[in-house]
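Below, each chain spelled out in residue letters.
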Amino acid sequence: MTWVYIEDIGKHEDEDVEIRGWVYNKRSGGKIRFILVRDGTGILQATVFSADDQNPLFLKFDELTQESSLIVRGRVREDKRAPGGYELSLQDIEIIQVAKDYPIALKEHTTPFLMEHRHLWLRSRKQHAVLQVRTEVIRAIRNFFDDRGFRLMDTPILTPSACEGTTTLFETKYFDQMAYLSQSGQLYNEATAAAFGKVYCFGPAFRAEKSKTRRHLIEFWMVEPEVAFATLEDTIELGQDLILFIIERVLKNRRADLEELERDPKPLEAVSRPFPRITYDEIVPRLQAKGSPIQYGDDFGAPEEGLISEMSSSPVCITHFPAAIKAFYMQPDKDRPDLALGVDFMAPESYGEIIGGGQRIHDLELLERRIREHNLPREAYAWYIDLRKYGTFPHSGFGLGVERTVSWMCGIKHIRETIPFPRLLYRIYP
RNA sequence: UCCCCGGUAGCUCAAUAGGCAGAGCGGUUGGCUGUUAACCAAUAGGUUGGCGGUUCGAGUCCGUCCCGGGGAGCCA
């Protein structure tokens with residue numbers, strides 16, 4: 001008998017098939033028994049009907065508990081009463097293990113309880129749908145860059161010093177010296193961009209910040225493209241194309257998961273090019289007019305991000321920030337050297353910043369001055385400075401946060417559900 | 001790090017003004033021919049987060065610690 005996956009069940013109508021999986025739930029009604037079987041790709045209702053309550057299949061059914069593992073065999077039939085439209089008329093139940101006291105019931109639980117059982121919570125429908133969207137988003141990102149001729153360059157996770165020198169770093173021992181977990185692959189990618197032209201890295205980033213909000217993870221995934229000779233304008237276009245491509249893929253391939261999540265697709269369908277662009281100089285008075293206490297020179301807080309996201313149904317691109325509030329490597333505007341050629345993409349529906357990037361300094365002397373001004377250890381940046389010595393080149397790039405993007409796609413408020421095992425302040429188990 | 005909130009049965013919660021510790025779900029047993037988190041009946045299940053204090057009496061009031069949740073700052 002052929003082993004098939006539930007997501008393909010429609011192709012096997014009226015055939016005898018085998019499903020290998022787990023009991024999602026079961027019900028009985030006199031002479032009929034229902035098992036909802038889960039195999040990782042979907043849930044299928046399997047039925048047994050018999051007038052004999054000593055029927056061997058009934059006896060096996062009675063042993064089954066939630067999340068017991070089993071193999072079921074039977075005939076696939078279309079039936080409107082079954083969830084999903086198909087069901088399996090059971091011929092055989094092979095029990096692998098009867099699970100005892102599965103902790104997660106099919107009802108409401110609190111988040112702390114579910115997080116404590118994250119390894120099992122992943123099996124539930126909603127979590128399954130979110131992570132299906134995550135894999136789609138990641139696949140879309142890889143396809144997008146691969147199809148445009150970008151080279152994947154894996155940057156190191158163990159680094160000898162701070163990439164940006166600002167945020168708190170996780171320290172670890174590296175034999176007889178110290179090492180730090182990477183916060184970003186960007187600086188290394190500026191080197192690979194000089195070798196390959198257009199590159200991207202895609203990996204985890206670590207921030208030892210004591211952040212405790214729905215938008216922060218201690219360990220998160222980020223994709224960072226870097227393009228030699230690209231300007232700020234080029235990088236905005238690239239970010240816009242990437243976001244539109246991700247949305248298109250999610251809407252095309254993960255409709256059923258969005259439905260499971262009760263995510264209204266309309267706000268995603270409404271995203272269109274060009275994304276509105278506004279400079280920092282222009283946005284500050286507009287925020288003040290809407291009641292924000294922001295002063296010129298301040299960075300945006302959560303309330304400001306909310307106000308910005310209400311301005312458009314597409315992400316809003318904020319550019320030309322005061323150099324003082326941005327990273328040391330940001331290229332200044334040639335007419336207004338107090339402004340940095342950076343861009344932040346603010347997602348609609350209050351999902352906040354999903355992309356941060358811009359043009360990097362390529363002038364050797366300016367970079368050396370910025371390193372001094374930020375009190376960064378010159379020796380650690382010697383290789384980075386070399387990039388400006390040996391054929392320097394204007395270049396730009398950005399970082400897109402995977403989990404923030406997935407939360408936005410799914411319409412869920414807390415980022416912790418968008419990664420299989422979130423690392424949070426006060427939570428590193430399981 | 002700061003502000004706010006919470007911790008009672010395996011889970012989700014209730015318990016008047018300080019006065020006998022409760023319900024639903026899950027478990028177990030029985031019933032039901034189409035269930036959709038099925039339903040009906042019965043049944044078992046408790047060191048009220050820890051320590052200390054006030055009181056004749058504390059789940060309830062006070063102190064302290066632990067654990068968690070929400071928000072801020074910072075950022076993807």
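Structure shown above.
Throughout what follows, the structure given in this document is the object of discussion. If you're wondering where the values come from, they're calculated on a predicted model, not measured in any experiment.

## Considering the side chain of T192
Relative to the elements of secondary structure, T192 occurs in helix α5 (residues 186-196). Separated by 2.8 Å, the side chains of T192 and N189 make a polar contact. Not counting residues within four places of it along the chain, the set of residues in contact with T192 comprises M153, G197 and V199.

## Re the protein's contact with RNA strand B
N25, L106, K107, R207 and R214 are the nearest of the 51 residues found near RNA strand B. One nitrogen or oxygen atom from the side chain of T110 is found 2.4 Å from a phosphate oxygen belonging to RNA strand B. Of all elements in the fold, only β2 (16-29), β3 (32-38), β4 (43-49), α2 (111-116), β12 (219-228), α10 (302-309) and β16 (352-360) reach the threshold of two or more residues within the surface near RNA strand B. In terms of residue class, the surface near RNA strand B is made up of 17 nonpolar, 15 polar and 19 charged.

## Quick notes on the packing of aromatic side chains
Here the structure, examined in full by the defined rule, presents 19 aromatic pairs. Here the aromatic rings of Y280 and F321 are separated by 5.9 Å at their centres, their planes lie at 50°, and the arrangement is tilted. With Y280 in helix α9 (residues 280-289) and F321 in strand β14 (residues 316-322), the pair connects residues that are 41 residues apart, well separated along the chain. Note on Y280: relative accessible area 0%, which makes it buried. Look at F328 and Y329: their rings are 5.4 Å apart centre to centre, the planes differ by 75°, and that puts the pair in the edge-to-face class. Here the two residues F328 and Y329 agree in accessibility, since each one is buried.

## Here's the deal with the side chain of Q186
Along the chain, the position of Q186 falls in helix α5. A distance of 3.0 Å separates a polar atom in the side chain of Q186 from a polar atom in the side chain of Y329.

## Things to note about helix α13 (residues 402-410)
With eight of nine residues buried, α13 lies mostly within the body of the structure. V402, E403, T405, V406, S407, W408, M409 and C410 are the residues of α13 that are buried. Backbone geometry just after α13 places G411 at a positive phi near 70°.

## Things to note about the nonpolar core
Nonpolar side chains tend toward joint burial in soluble globular proteins. Of all hydrophobic cores here, the largest spans 46 residues; its most connected members are I141, F145, I243, F345, W408 and M409. For this core, the elements supplying multiple residues, two or more each, are α4 (125-147), β11 (198-206), β12, α6 (232-253), β15 (339-347), β16, β17 (395-401) and α13. Broken down by element, the residue count for this core peaks at eleven residues, all from α6. When near neighbours in sequence (up to four residues on either side) are disregarded, I243 contacts F275, P315, F345, I354, I355, L400 and W408. The next biggest cluster of nonpolar side chains, apart from the first, holds 22 residues, and it includes V37, L44, F58 and V72.

## Focus: helix α11 (residues 364-373)
Every buried residue of α11 is accounted for by L366, L367, E368, R370 and I371. The secondary structure elements touched by the buried residues of α11 are α12 (382-389). Measuring from the side-chain oxygen of the N-cap residue of α11 to the backbone nitrogen of E365 gives 3.2 Å; that N-cap residue is D363. Backbone geometry just downstream of α11 places N375 in the positive-phi region, at approximately 55°.

## What to know about the environment of T159
Tracing the chain through its elements places T159 in strand β8 (residues 158-159). With a relative accessible area of 3%, T159 lands in the buried category. Along the sequence, T159 and G185 sit 26 residues apart, while their C-alpha atoms lie 9.9 Å from each other. Setting aside its immediate chain neighbours within four residues, T159 contacts A179, Y180, S182 and Y188.

Definitions and limits used
- Residues numbered from 1 in each chain as written.
- Chains lettered and ligands numbered in written order.
- Predicted model: local features only at pLDDT ≥ 70, side-chain atom pairs only at ≥ 80, totals over all residues.
- Heavy atoms only, no water.
- Helix = DSSP H or I, 4+ residues; strand = E, 2+ residues; numbered from the N terminus.
- Polar contact = N/O pair within 3.5 Å; in protein donor to acceptor, adjacent residues only side chain to side chain.
- Contact = heavy atoms within 4.5 Å.
- Near = heavy atom within 4 Å.
- Nonpolar A, V, L, I, M, F, W, Y, C, P; charged D, E, K, R; others polar.
- Phe/Tyr/Trp six-rings, centres within 6.5 Å; stacked < 30°, edge-to-face > 60°.
- Buried < 20%, exposed > 50% of the residue type's maximum accessible area, 1.4 Å probe, protein only.
- Core = buried A, V, L, I, M, F, W, Y, C linked by side-chain atoms within 4.5 Å.

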